[in-house]
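# Observations on chain architecture
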Amino acid sequence: MYNHWEELEKSIHNCQKCQLCKQRKNIVFGEGNQQADLMFIGEGPGADEDAQGLPFVGKAGQLMNKAFQALGIKREEVYITNIVKCRPPANRVPEEQEATACLDYLRNQVILVKPKVIVLLGSTALKNILGKELGITSSRGKWIEKKGIYYMPTWHPAALLRDENKKIEFWKDLKQVVEFFKNTPN
Ligand code: URA
């Protein structure tokens, strides 16, 4: 556990805990307000993210940005990261061992950010954070509170690119998050 962002980020840059380190161009650590009340957790970097070292900058990220804009969520005010910090080859789902190896970094990020709400983007984020038994289809759109943090599972933005109906549900889920902050005093 690191108490400072610089130390944590440095430790990730040298990371060789799993095989994903072999093919990465860049680590995708995370981006945004390090004291955000709202945090987003995706699955893992894709090709664009690997090339730029930043999360959700490809097609899925652009779709997420559109939803943010429409709902009045400012990207620079939230914190965005992933379950794994290095790109899985051909964008496959991270293997159990890869996710487990990387999870301590994410836990450390959550401890430093201290968010009130975490949006879990897709099945990989949901299962690794809240439990392998949970399915995204039945869990999405429903608040889960754990140790004082409110979790909102929703579709991964890449799923929206394939299915218009999921877009509507994704927006509804994020709308609940916006309402949460309207109704919760600071
Ligand atoms: N998909 C993810 O899960 N994370 C990213 O950063 C980009 C695409």
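Residues numbered from 1 in each chain as written. Predicted model: local features only at pLDDT ≥ 70, side-chain atom pairs only at ≥ 80, totals over all residues. Heavy atoms only, no water.

## Re the site of the ligand
Our working definition: Whether a residue is near a molecule or strand depends on its heavy atoms: if one lies within 4 Å, it is near. We define a polar contact as two N or O atoms separated by no more than 3.5 Å, with the added condition that, inside protein, one atom must be a possible hydrogen donor and the other a possible acceptor, whereas residues neighbouring each other in sequence contribute only through side-chain atom pairs. Here the accessible surface of atoms and residues is derived via Shrake-Rupley with a 1.4 Å probe, and residues count as covered only by protein chains that are part of the display. Polarity classes work like this: nonpolar for Ala, Val, Leu, Ile, Met, Phe, Trp, Tyr, Cys and Pro, charged for Asp, Glu, Lys and Arg, and polar for all others, with Gly in that last group.
Taken together, Gly42, Glu43, Gly44, Glu49, Pro55, Phe56, Asn82 and His156 make up the full set of residues adjacent to the ligand. A distance of 2.7 Å separates an oxygen atom of the ligand from a polar backbone atom of Glu43. The contact in question runs from a nitrogen atom of the ligand to an N or O atom on the backbone of Gly44, over 3.1 Å. In isolation the ligand has 230 Å² of accessible area, and contact with the protein removes 92% of it. Considering only residue class, the shell around the ligand consists of two nonpolar, four polar and two charged.

## Some thoughts on the packing of aromatic side chains
We count it as follows: Put simply, two rings from Phe, Tyr or Trp (the six-membered ring, in Trp's case) pair if the centres are within 6.5 Å, and we call them stacked under 30 degrees between planes, edge-to-face over 60, tilted for the rest. Each helix is a run of DSSP H or I of at least 4 residues and each strand a run of E of at least 2, with the numbering of both proceeding from the N terminus. Exposure is judged per residue with a 1.4 Å probe applied to protein chains only, and the accessible area is read against the type maximum: over 50% gives exposed, under 20% gives buried, and values in between give partly exposed. Should the NZ of a Lys or the CZ of an Arg lie within 6 Å of a ring centre and within 35 degrees of the ring normal, that charge is described as sitting over the ring.
One pass over the full model with this rule turns up seven aromatic pairs. On the numbers, 5.9 Å between centres and 90° between planes, the contact of Trp5 with Phe29 is edge-to-face. Taken together, the positions of Trp5 in helix α1 (residues 5-13) and Phe29 in the loop between α1 and β1 (31-32) put the pair 24 residues apart, joining distant regions of the chain. A single burial state applies to Trp5 and to Phe29, both of which are buried. Measuring from ring centre to ring centre gives 5.3 Å for Tyr150 and Phe180, while their planes differ by 50°; the resulting arrangement is tilted. Pair noted here: Tyr150 is in strand β6 (residues 149-154) and Phe180 is in helix α8 (residues 164-183), with a separation of 30 residues, a long-range link. Given a relative accessible area of 34%, Tyr150 falls into the partly exposed group. Between Lys17 and the ring centre of Tyr105, over which it is positioned, the NZ or CZ distance is 4.3 Å.

## Let's talk about the sheet that holds strand β4 (residues 117-121)
So the rule is basically this: Pairing between strands is defined by DSSP: at least two bridges between the two strands are required. Note on contacts: a residue pair is in contact if any heavy atoms of the two residues lie within 4.5 Å. A fitted line through C-alpha atoms serves as each axis, taken over the contacting stretch for helices, and the angle formed by two N-to-C directions is quoted from 0 to 180°.
Taken in spatial order, the six strands line up as β1-β3-β2-β4-β6-β5 in an open sheet, and their pairing is mixed. Only two strands of the sheet have a single neighbouring strand rather than two, namely β1 and β5 (144-146). Two strands pair when backbone bridges link them, and strand β2 (residues 38-42) and β4 are joined in this way by four bridges, in the parallel orientation. Among the inter-strand pairings, Leu38 is bridged to a residue of β4, identified as Val117. Here α8 sits on the sheet and contacts β2, β4 and β6; the angle it forms with β6, its principal contact strand, is near 165°.

## Some words on helix α5 (residues 123-130)
Thr124, Ala125, Leu126, Asn128 and Leu130 are the residues of α5 that are buried. On its buried face, α5 is in contact with β2, α4 (96-113), β4, α6 (136-139), β5 and β6.

## Here we look at the pairing of β4
Most of β4 sits out of view: five of its five residues are buried. Of the two faces of β4, the one lined by Val117, Val119 and Leu121 and the one lined by Ile118 and Leu120 are each fully buried. Bridge analysis of β4 against β6 gives five bridges, and the strand direction is parallel. In the sheet register, Ile118 faces β6, and the bridge partner there is Tyr151.

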